[in-house]
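Secondary and tertiary structure notes
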Amino acid sequence: MKVIVGVAGGIAAYKACHLVRNFKEAGDEVRVIPTPSALNFIGAATFEALSGNSVSTSVFEGVDEVQHVRLGQEADAVVIAPATADLLARLAAGRADDLLSATVLVATCPVIVAPAMHTEMWLNPATQANVHTLRSRGVTVLEPASGRLTGVDSGPGRLLEPEQIADLARMVIAGQKLPRDWEGKSVLITAGGTQENLDPVRYLGNRSSGRQGFALAEVAAQRGARVCVVAGATEELPTPAGAQVVRVTSTEEMAQAVAEHAPQADALIMAAAVADFRPASRAGAKMKKGQDEAALNSIKLVENPDILRTAVLARERGELKAGMAIAGFAAETGDERHSALEYGLAKLERKGCDLLMCNEVGVGKVFGERHNRGWLLRAGEGEPEVTEVPDGSKYEIAGAYLSQVLRALDQRSLHG
Ligand code: CTP
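Cut-off values and rules
Residues numbered from 1 in each chain as written. Predicted model: local features only at pLDDT ≥ 70, side-chain atom pairs only at ≥ 80, totals over all residues. Heavy atoms only, no water. Core = buried A, V, L, I, M, F, W, Y, C linked by side-chain atoms within 4.5 Å. Buried < 20%, exposed > 50% of the residue type's maximum accessible area, 1.4 Å probe, protein only. Domains from an automatic or database assignment. Contact = heavy atoms within 4.5 Å. Helix = DSSP H or I, 4+ residues; strand = E, 2+ residues; numbered from the N terminus. Expected span 1.5 Å × (residues − 1). Arc of directions from axis to C-beta. Polar contact = N/O pair within 3.5 Å; in protein donor to acceptor, adjacent residues only side chain to side chain. Pairing = 2+ DSSP bridges. Buried area = accessible area lost by both parts, 1.4 Å probe. Salt bridge = Lys/Arg side-chain N within 4 Å of Asp/Glu carboxyl O. Nonpolar A, V, L, I, M, F, W, Y, C, P; charged D, E, K, R; others polar. Axes fitted to C-alpha atoms, helices over the stretch in contact; angles between N-to-C directions. Parallel < 35°, antiparallel > 145°, perpendicular 65-115°, else oblique. Left-handed = near helix turned anticlockwise from the far one by under 90°. Near = heavy atom within 4 Å. Areas by Shrake-Rupley, 256 points an atom, 1.4 Å probe, with all protein chains shown as cover.

Observations concerning the nonpolar core
- Residues Phe23, Trp182, Val187, Val227, Ile269, Tyr401 and Val405 are the most contacted members of the largest nonpolar core, which totals 68 residues.
- Looking at which domains feed residues into this core, each of domain 1 (2-174) and domain 2 (186-414) gives three or more.
- Dropping the residues within four chain positions of it, Tyr401 is found in contact with Leu216, Ile269, Ala327, Gly328, Phe329, Leu355, Met357 and Leu376.
- Formed by 28 residues, the second largest nonpolar core is a distinct cluster that contains Leu188, Cys228, Ile326 and Leu356.

Next comes the structure, spelled out in structure tokens:
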């Protein structure tokens, strides 16, 4: 894939180096087009070395090749990070006063823009109007993250992490749009694995990476939702931009956090790998080989609460919003009696939720991987609707999943 990485003149320009690296490592051909002011922050030599291609900022360089036309026509995607308030204004006005803006005018491929600026500049009606204009023309303008800005300031306007930009951009390039169809809705998402302590140093846990839950949170926030993530153990992942994150360890803690936040939510998505059992007792001090042999040899387990089922029952009792959608995942293995899909359909009925994504698991499959596949099972009036989800990144899966949750929400509001 031929990717143009556009870089505007903001302090976050240094993060563009990691973005270029990310695309290069995935095997993409990268051409960096900085604005002239971006070169006040990062030298052209850095971008040339990282991309393996020459760098120019003006349409008056390489005139014989008519660079802006050639680059714009040949690109499979233009990803601009960071985009300053000034660049957003110039793009919205359709200006062509440097190589980057001229190239964007020529490009017919997906254009993905990751803004970065001070909170006041981002929230200014002029900038918001420019963002609106660009979105209405099909440009994907990502929501910036909230957090530490230059100096001591903090608020929305921080550039997303390069990995997040690359993942969201790849999703858009693969054909999944980021419509603002979740605006005004609130979603509660669980992610990662729960861990059950045996003693102060040992626990029972699972291999969940948290990637699917975080991708759902990321995509939901980019589609305009208010997002709260209840996260157990995850890999070292960037915090989903714009989401409130509540950290928990055990299943009981996760159940408590879900119970606390669910009444405000329009949708609950249980993407966490929840430990079904916990040790019946937890030692206050580290168990020792010689002394606690009997306890270590026969760890007695008791069943944990089923968080998803508890939420379905709470909704039935009228303790949650009546039109709330409740969705989960079903990691299944097929056997000689039934296929993974059949087990998934049985689980949808047993749990009484609106949607389940069923996927086949095994050692090395799905957990921790960046790709996933399976079936989306949606409960309805009659037989459940089964939609096959082809192999895709966890972001692409998140996009398809969130669209089905919206359909479940619509269905509940029709019948509720
Ligand atoms: N889940 C939950 N609480 C639990 C166990 C699971 O809320 N104690 C949720 C998971 O987050 C997932 C769905 O239920 O969304 C299905 O999880 P899975 O582990 O596939 O199913 P189990 O209920 O554990 O059923 P089984 O072990 O029989 O397959």
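Here's the deal with helix H7 (residues 125-136)
- Compared with the 16 Å implied by 1.5 Å per residue over 12 residues, the 16 Å span of H7 between its first and last C-alpha is a close match.
- Residues Thr127, Asn130, Val131 and Leu134 constitute the buried set of H7. Projection of H7 onto a plane perpendicular to its axis shows the buried side chains occupying an angular sector of 100°, all on one side. Along H7, exposed side chains directed more than 90 degrees from the buried face belong to Pro125, His132 and Ser136.
- Here the buried face of H7 lies against helix H4 (85-93), helix H6 (119-123) and strand S5 (140-141).
- Residue Asn124 occupies the N-cap position of H7, its side-chain oxygen lying 2.8 Å from the main-chain nitrogen of Ala126.
- The first or second residue beyond H7 is Gly138, which carries a positive phi of 95°.

As for the pairing of strand S4 (residues 111-115)
- Where burial is concerned, most of S4 is hidden: 5 out of the 5 residues are buried.
- Judged by which residues are buried, S4 turns out to be covered on both faces: Val111, Val113 and Pro115 on one side and Ile112 and Ala114 on the other are all buried.
- Strand direction decides the pairing type here: strand S3 (residues 77-83) and S4, joined by 4 bridges, are parallel. Counted as the bridge partner of Ala83 is Pro115 from S4.
- Here 2 bridges tie S4 to S5, and the two strands are oriented parallel to one another. Among the inter-strand pairings, Val113 is bridged to a residue of S5, identified as Val141.

So, the domain arrangement of the protein chain
- Assigned domains within the protein chain: domain 1 (2-174) and domain 2 (186-414).
- Inter-centroid distance (C-alpha atoms) of domain 1 to domain 2 is 35 Å.
- Every contact between the two is made by 11 residues of domain 1 and, on the other side, 13 residues of domain 2.
- Interface area for domain 1 against domain 2, summed over the two sides, is near 1,000 Å², with a carbon-plus-sulfur share of 61%.
- When the area that domain 1 buries against domain 2 is broken down by residue, the three leading residues are Glu163, Gln164 and Met171, summing to 47%.
- Across the pair Glu163 and Arg211 runs a salt bridge whose closest N-O atoms are separated by 3.7 Å.
- Seen at the junction of domain 1 and domain 2, the total is 3 residue pairs in polar contact (both at pLDDT 80 or more).
- Taken together, the residues of the side of domain 1 that touches domain 2 sort by class into 6 nonpolar, 1 polar and 4 charged.

Some words on the packing of helix H8 (residues 162-173) against helix H9 (residues 211-222)
- It is at 12 Å that the axes of H8 and H9 come closest, and there the two elements cross at 75°. The angle between the axes of H8 and H9 places the two elements in the roughly perpendicular class. In contact with Glu163, Gln164, Leu168 and Met171 of H8, H9 contributes Arg211, Glu218, Val219 and Gln222.
- A class-by-class count of the residues in the contact of H8 with H9 yields 3 nonpolar, 2 polar and 3 charged.

A word on the environment of Thr194
- Secondary-structure assignment places Thr194 in the loop between strand S8 (186-191) and strand S9 (196-197).
- Expressed as a C-alpha distance, the spacing of Thr194 and Leu204, which sit 10 residues apart in the sequence, is 8.6 Å.
- When residues no more than four places from it in sequence are discounted, the contact partners of Thr194 are Leu204, Gly205, Asn206, Thr249, Ser250, Thr251, Met254, Ala273, Val274 and Ala275.
- A polar contact is formed between the side chain of Thr194 and the side chain of Thr251, at a distance of 3.0 Å.
- Here Ala275 takes part through its backbone nitrogen, which lies 2.7 Å from a polar atom of the side chain of Thr194.

With respect to the packing of H9 against helix H14 (residues 394-415)
- Remark: H9 packs on H14, axes separated minimally by 8 Å, with the N-to-C direction vectors making an angle of 60°. As far as their axial angle goes, H14 and H9 are oblique. Handedness of the H9/H14 crossing: right-handed. Contacts between H9 and H14 involve Arg211, Gln212, Ala215, Leu216, Glu218, Val219 and Ala220 on the former and, on the latter, Lys394, Tyr395, Ile397, Ala398, Gly399, Tyr401 and Leu402.
- Its residues placed into classes, the contact of H9 with H14 shows 9 nonpolar, 2 polar and 3 charged.

Observations regarding the site of the ligand
- Near the ligand there are 15 residues, and of these Met270, Ala272, Leu308, Lys347 and Lys351 occur at the shortest range.
- Residue Pro305 places a main-chain N or O atom 2.9 Å away from a nitrogen atom belonging to the ligand.
- Taking Phe329, its main chain carries an N or O atom lying 2.9 Å from an oxygen atom of the ligand.
- When isolated, the ligand has an accessible area of 570 Å², and the protein chains bury 77% of it.
- When residues in the shell around the ligand are grouped by element, the largest group, 4 residues, is from strand S16 (residues 325-332).

Notes on the sheet that holds strand S17 (residues 355-360)
- One open sheet accounts for 8 strands, arranged S12-S11-S8-S13-S16-S17-S18-S19; its pairing is mixed. Where the open sheet ends on each side, the last strands, each with one partner, are strand S12 (243-247) and strand S19 (385-393). Averaged over all neighbouring strand pairs, the angle between strand axes comes to 20°, with direction disregarded.
- In terms of strand pairing, strand S11 (residues 226-231) meets S12 through 5 bridges, oriented parallel. When the sheet's bridge partners are listed, Cys228 is paired in S12 with Gln244.
- Each of S16, S17, strand S18 (371-378) and S19 is contacted by helix H13 (residues 340-351), which is oriented at about 155° to S17, the strand it contacts most.
- Strands in contact with H14 are strand S13 (267-270), S16, S17, S18 and S19; relative to S19, the strand with the most contacts, it is inclined by about 155°.

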